[in-house]
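Descriptive analysis of the structure
One letter stands for each residue in the lines below.
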Amino acid sequence: MVHRLVTSRIADLAVPSVINAAGAYTLLGGSRLAPGVAAAMADVSDTFLDLDLLQRRVGARIAELTWNEACFVASGAAAGVAVAIAACVAGTDPMAIDAFPIAGTRDVVMQASHRNGYDYSARMTGVRLVEVGATDRAPSEAELRAALVPSTACVLLFTGPPYEAHSLAVESVVAVARAAGVPVVVDAAGQVPPVANLWRYTRELGADLAVFSGGKGIRGPQTTGLVLGRPDLVEACLANANPRHSIGRPMKVGKEELLGILAAVEWTVQQDEAALFARWERTVERWVAALGGDAIPGVEARRGFPGVHDNVPQCVVRVARWTATERDGFVAALKTADRPVAIRAGLAADELQLNPMFVREGEGLIVLDVVRDALLGMIPR
Ligand SMILES: *Cc1c(COP(=O)(O)O)cnc(C)c1O
């Protein structure tokens, strides 16, 4: 029998790489590891140690770096929300920890306009989601107050551009919840940059826990997330997580991820954010200049901020009389073109967004060529 030569090189796997002008999306591979992250992961990979102690030491260091009181490292922001909800429901009580998934005996309160695919993280614990307000109307403080009852485990808030319309301000939610003795958990997965958000929700706005993805703007391993905030709730996260047999056990964070996210946070808090934004603005300016004006009939381009899911400047391209279906077909076609480029649909049906976040020097021109050629190819002759 002849064995085929098997390698673990990406080049041998026939999975084409794409230029990422879309942003930090799991479907595209997430992020680009920050300098030093892969080395930190390799460095610990051949070592045996007390994983519990490592989680605590890494958590303490990340808390210090981000001006928080405590930190739990999860296997992603979605896992971080699940473990945070479990922590609010069960605390460190072994019987309660063993009881997940529960049968709707505890509530998590959410604003109706915040419901989205990631609320699965809360639902998987078995809590009942209680909505306040409507999808097109923020609740009043009184409505929120009335929803906080003895079975309420916490309020779950989503922050970022898609969730800001029809939403109570974080400060108002915190004030109402605090008066009722109910913790507030903020899912801020993609809200770095700016790096200051790592302490803003907890230290400045008073949320009890804030959850971030380690694999988006922080540029750590894809399978990491941060749960930052109150020490007793972080202790409860540890009690509901790997390596303990608990609802969090299947969301394991290994030693490599722990060192990787620590290196990424160290890099993130030290980087020159003004320089980063200046570079993004330059790229956007070039795209807007080349795609806007009268360059392509029926096509307009402008700078947009924030993006659909992040706080990064974008080049927003608008095509006259485009339907959402045509626009989505255009986005899909670029991803499978000879030189694959990933971009995003914009908020309006006739808009695209080009995101400079992960576009390297030299790739910006390729993105421009590919998008311009595709747009010119649509003009009827
Ligand atoms: C990206 C995202 C998540 C998931 O983050 P992971 O780190 O991939 O688990 C959760 N919530 C929101 C709002 C997000 O944007």
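The coordinates are above.
Nothing here was measured: the structure is a model prediction, and the numbers come from that model.

**Notes on the sheet that holds strand β10 (residues 314-319)**
Pairing within the open sheet is antiparallel, and its four strands lie in the order β9-β10-β13-β12. What marks the edges here is a single partner per strand, and that holds for β9 (299-304) and β12 (344-345). Across the face of the sheet, helix α11 (residues 273-291) comes into contact with β9, β10 and β13 (351-354) while running at roughly 165° to β9.

**Looking at the pattern of salt bridges**
One pass over the full model with this rule turns up 20 salt bridges. Glutamate 266 is paired through a salt bridge with arginine 61; the nearest N and O atoms lie 3.5 Å apart. Of this pair, glutamate 266 sits in helix α10 (residues 255-270) while arginine 61 sits in helix α2 (residues 51-65), and the two are 205 residues apart along the sequence. Glutamate 266 gets classed as partly exposed once you look at its relative accessible area, which sits at 26%. The partner of arginine 230 in a salt bridge is aspartate 208, with the nearest N and O atoms 2.8 Å apart. Within this pair, whereas arginine 230 is found in the loop between β8 (225-229) and α9 (231-239), its partner aspartate 208 is found in the loop between α8 (197-204) and β7 (209-213), the two being separated by 22 residues in sequence. Arginine 230 gets classed as partly exposed once you look at its relative accessible area, which sits at 30%. Take aspartate 208: its relative accessible area is 14%, and that puts it in the buried class.

Here is what the cut-offs are and how they apply
- Residues numbered from 1 in each chain as written.
- Predicted model: local features only at pLDDT ≥ 70, side-chain atom pairs only at ≥ 80, totals over all residues.
- Heavy atoms only, no water.
- Pairing = 2+ DSSP bridges.
- Helix = DSSP H or I, 4+ residues; strand = E, 2+ residues; numbered from the N terminus.
- Contact = heavy atoms within 4.5 Å.
- Axes fitted to C-alpha atoms, helices over the stretch in contact; angles between N-to-C directions.
- Salt bridge = Lys/Arg side-chain N within 4 Å of Asp/Glu carboxyl O.
- Buried < 20%, exposed > 50% of the residue type's maximum accessible area, 1.4 Å probe, protein only.

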